[in-house]
Amino acid sequence: MLSRILLASRNPGKLREFAGLLPDYALTAWPAEAPEIPEDGAFFRDNAGQKAAFAREWWRHHGTAPVDFVLADDSGLCVDALWGGPGVLSARFAKRLANGDTNRALLALLPLSAPRSARFVCVLALAPMEGGAPKFFEASVEGRLAEAPKGTRGFGYDPIFIPEGGQETFGELGDEVKARLSHRAQAARALRNCLAQRRAGCQPGPEPAR
Ligand code: IMP
């Protein structure tokens, strides 16, 4: 039987990508009637762990179908000239600070001659439903910021991110290329490998003390 994974996210861009990245698993999205999942940590890893723990606890009491794992993704765009921001605040920057066109708002923060180097970072937390500490999978993809948003594919900051060695943004390149080299794709590959060798080490650890 396929392993069943609850995705602790309602972000349609992430959900679409996970459907392509984890084709051998039965995925359930975080339901519309469920509460907002909190994320107030200072680091991607804190947030991924917090989301997985919250979603697992909620699902234990309210879940409508059995699942084997809960998977949480915390990710964002880290821009060197912005001291690594918006980084862990990427979603909050988009929601509250950008006032409309997030990508143009972010580009406007860069001084003209500033270096344009940036990276996407993703931390996945996989928590076994039966209990135990989550396993973390972290990856990043290096690149640079475009002069202006380009492309309508992907989601979020994809139209302003050009992966290293290329000329086109993720917004132009789309899901096929992201599925090879994105931060999320690399982390999901590590997760898949771990699950495939589950008996050889991808076992739950002890549940952390509260
Ligand atoms: P969070 O992981 O819920 O904190 O949200 C991460 C935010 O970072 C998203 O809302 C996007 O704005 C951005 N982000 C994360 N991954 C990607 C990506 O693959 N492409 C574009 N934007 C991304």
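For the structure itself, consult the block above.
Residues numbered from 1 in each chain as written. Predicted model: local features only at pLDDT ≥ 70, side-chain atom pairs only at ≥ 80, totals over all residues. Heavy atoms only, no water.

Taken as a whole, this structure holds 17 salt bridges when the rule is applied. Across the salt bridge formed by Glu17 and Lys178, the nearest N and O atoms sit 2.7 Å from each other. Placement of the pair is Glu17 in helix H1 (residues 12–21) and Lys178 in helix H5 (residues 170–181), with a sequence separation of 161 residues. On the basis of relative accessibility, which here comes to 3%, the residue Lys178 falls in the buried class. Sharing partners across several salt bridges, the network here consists of Lys14, Glu17, Asp73, Asp158, Lys178 and Arg184. (Salt bridge = Lys/Arg side-chain N within 4 Å of Asp/Glu carboxyl O. Helix = DSSP H or I, 4+ residues; strand = E, 2+ residues; numbered from the N terminus. Buried < 20%, exposed > 50% of the residue type's maximum accessible area, 1.4 Å probe, protein only.)

Turning our attention to helix H2 (residues 44–62). End to end, H2 covers 26 Å across 19 residues, agreeing with the expected 27 Å (1.5 Å per residue, within 8%). The set of residues buried in H2 consists of Phe44, Asn47, Ala48, Gly49, Lys51, Ala52, Ala55, Arg56, Trp58 and Trp59. (Expected span 1.5 Å × (residues − 1).)

Moving on to the site of the ligand. What surrounds the ligand is a group of 18 residues, the closest being Lys14, Glu39, Asp158, Lys178 and Arg184. In this structure, an oxygen atom belonging to the ligand sits 2.6 Å away from a side-chain N or O atom of Lys14. Separating an oxygen atom of the ligand from a side-chain N or O atom of Asp74 is a distance of 3.2 Å. Here the ligand loses 92% of its free accessible area of 480 Å² to cover by the protein chains. Using a 2 Å cut-off from the grid points, one finds that the ligand occupies the largest pocket. Taken together, the elements giving at least two residues each to the shell around the ligand come down to strand E3 (69–79), helix H3 (90–97) and helix H6 (183–196). A total of four residues in the shell around the ligand trace back to one element, the largest contributor, which is E3. Residues belonging to the shell around the ligand are distributed by class as follows: four nonpolar, six polar and eight charged. (Near = heavy atom within 4 Å. Polar contact = N/O pair within 3.5 Å; in protein donor to acceptor, adjacent residues only side chain to side chain. Areas by Shrake-Rupley, 256 points an atom, 1.4 Å probe, with all protein chains shown as cover. 1 Å grid on protein atoms, 1.4 Å probe; cavity = no way out; pocket = protein on both sides within 12 Å on 5 of 7 lines; lining within 4 Å. Sits in = over half its atoms within 2 Å of the grid points. Nonpolar A, V, L, I, M, F, W, Y, C, P; charged D, E, K, R; others polar.)

With that out of the way, let us pick up unusual backbone geometry. With an omega dihedral of -10°, the bond running from Gly85 to Pro86 counts as a cis peptide bond. You can see Pro86 is positioned in strand E4 (residues 85–86). Despite not being glycine, Trp83 has its phi angle at roughly 50°, a positive value. Counting through the fold element by element, Trp83 comes out in the loop between E3 and E4. Residue Trp83 is classed as exposed on the basis of its relative accessible area of 83%.

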